[in-house]
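# Chain and residue survey
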Amino acid sequence: MRADDMRRIALAACCGVLALSGCSTTPAPGPDATQKHGPVRQAPAPITVTRGEFTLPADKLDVWNAVGQIIVNARGVEYLGRAQMLDLYSLRYRGVEFFVLTKAMTAAETGNHMRTRVTATTPAGKPIDSEATAEVLGMLERALPAEVERVRKMQASPKKKPSKHGKP
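Overview of the structure.

Cut-off values and rules
- Residues numbered from 1 in each chain as written.
- Predicted model: local features only at pLDDT ≥ 70, side-chain atom pairs only at ≥ 80, totals over all residues.
- Heavy atoms only, no water.
- Helix = DSSP H or I, 4+ residues; strand = E, 2+ residues; numbered from the N terminus.
- Contact = heavy atoms within 4.5 Å.
- Areas by Shrake-Rupley, 256 points an atom, 1.4 Å probe, with all protein chains shown as cover.
- Phe/Tyr/Trp six-rings, centres within 6.5 Å; stacked < 30°, edge-to-face > 60°.
- Buried < 20%, exposed > 50% of the residue type's maximum accessible area, 1.4 Å probe, protein only.
- Pairing = 2+ DSSP bridges.
- Expected span 1.5 Å × (residues − 1).
- Polar contact = N/O pair within 3.5 Å; in protein donor to acceptor, adjacent residues only side chain to side chain.
- Axes fitted to C-alpha atoms, helices over the stretch in contact; angles between N-to-C directions.

Let us now look at the overall build of the chain. Helices and strands together make up the secondary structure of the chain, namely five helices and five strands. Along the chain, helices (α) and strands (β) appear in the sequence α-α-β-α-β-β-β-α-β-α when read from the amino end. Put simply, 56% of the contacts in the chain that link residues at least 6 apart link residues at least 24 apart. Carbon and sulfur atoms provide 58% of the accessible area of the chain, an area that totals close to 12,300 Å².

Rendered as structure tokens:
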């Protein structure tokens, strides 16, 4: 046999061993395994909805502005920042950091009525379920209808033009 043939055979054998090693399985634990290591625990189901989220019959921008007005005056809620393009406020309450989001709902979701969903997420964008976020969302749900109306009226009032002093 030539050296090239031997290298090819060795290479093929290595590839075969690697392929077979990737196919190995671990036997399922028998009844003894649970007794030795305790019961098998399943991971909790992932959170899919934020507790306390709600919808409001209002324009997204009006809701976003009203949330800002409420948050800056709320006790214990630390305002970390905001991003109007992302419809969010970054907050911390009771040691929990999260985002409050104001998202316009689609016409298909609302039957062609204007509605905005107010919810919270983790900074990674996943739904969050904590007492802190539920309390903040509850406070917003109670205060937003009146604040949205106040913001609408404030934006609708005519702006005063600055007086031109010194010119006839």
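Past the structure itself, the notes keep going.
This next bit is on the packing of aromatic side chains. Summed over the entire model, instances satisfying the criterion amount to two aromatic pairs. With a centroid separation of 4.9 Å and 25° between ring planes, the pair formed by Trp-64 and Tyr-89 is classed as stacked. Note that Trp-64 is positioned in helix α3 (residues 60-73) and Tyr-89 in strand β3 (residues 88-93), a separation of 25 residues in sequence. Accessibility assignment for this pair places Trp-64 and Tyr-89 in one class, buried. Exposure remark for Tyr-89: the relative accessible area of 2% places this residue in the buried category. Through successive ring pairs, a cluster of aromatic residues spans Trp-64, Tyr-79 and Tyr-89.

Counting buried residues in strand β5 (residues 116-121) gives five out of six residues, a clear majority hidden from the surface. Summarising the sheet, strand β1 (residues 54-56) and β5 pair through three bridges and their orientation is antiparallel. Residue pairing across strands places Leu-56 opposite Thr-116, the latter belonging to β5. Bridge count between strand β4 (residues 96-104) and β5: six bridges; the pairing is antiparallel.

Take α3 next. A rise of 1.5 Å per residue sets the reference length of α3, with its 14 residues, at 20 Å; its end C-alpha atoms lie 20 Å apart and thus fit the reference within 8%. Looking only at α3, the buried set comprises Asp-62, Val-63, Trp-64, Ala-66, Val-67, Gly-68, Ile-70 and Ile-71. The inward-facing, buried residues of α3 contact β1, β2 (77-83), β3, β4, β5 and α5 (131-156). For α3, the N-terminal capping position is held by Asp-59, with its side-chain oxygen 3.0 Å away from the main-chain nitrogen of Leu-61.

Here five strands make up an open sheet; going across it, the order is β1-β5-β4-β3-β2 and the pairing antiparallel. Here the strands that pair on one side only, and so sit at the sheet edges, are β1 and β2. When strand polarity is set aside, the average angle formed by the axes of neighbouring strands in this sheet is 25°. Against the sheet, α3 makes contact with β1, β2, β3, β4 and β5, and its axis sits at roughly 150° relative to β4, the strand it touches most. Sheet strands in contact with α5 are β1, β2, β3, β4 and β5, and its direction is about 10° off that of β1.

What follows deals with unusual backbone geometry. One non-glycine residue, Asp-87, lies in the positive phi region at around 60°. Within the secondary structure layout, Asp-87 lies in the loop between β2 and β3. Its relative accessible area of 7% is what places Asp-87 among the buried residues. The phi dihedral of Asn-112 falls on the positive side, at around 70°, and the residue is not glycine. Assignment of secondary structure puts Asn-112 in the loop between α4 (107-110) and β5. Since its relative accessible area comes to 65%, Asn-112 is described here as exposed.

The values reported here are purely geometric and, on their own, carry no functional implication.
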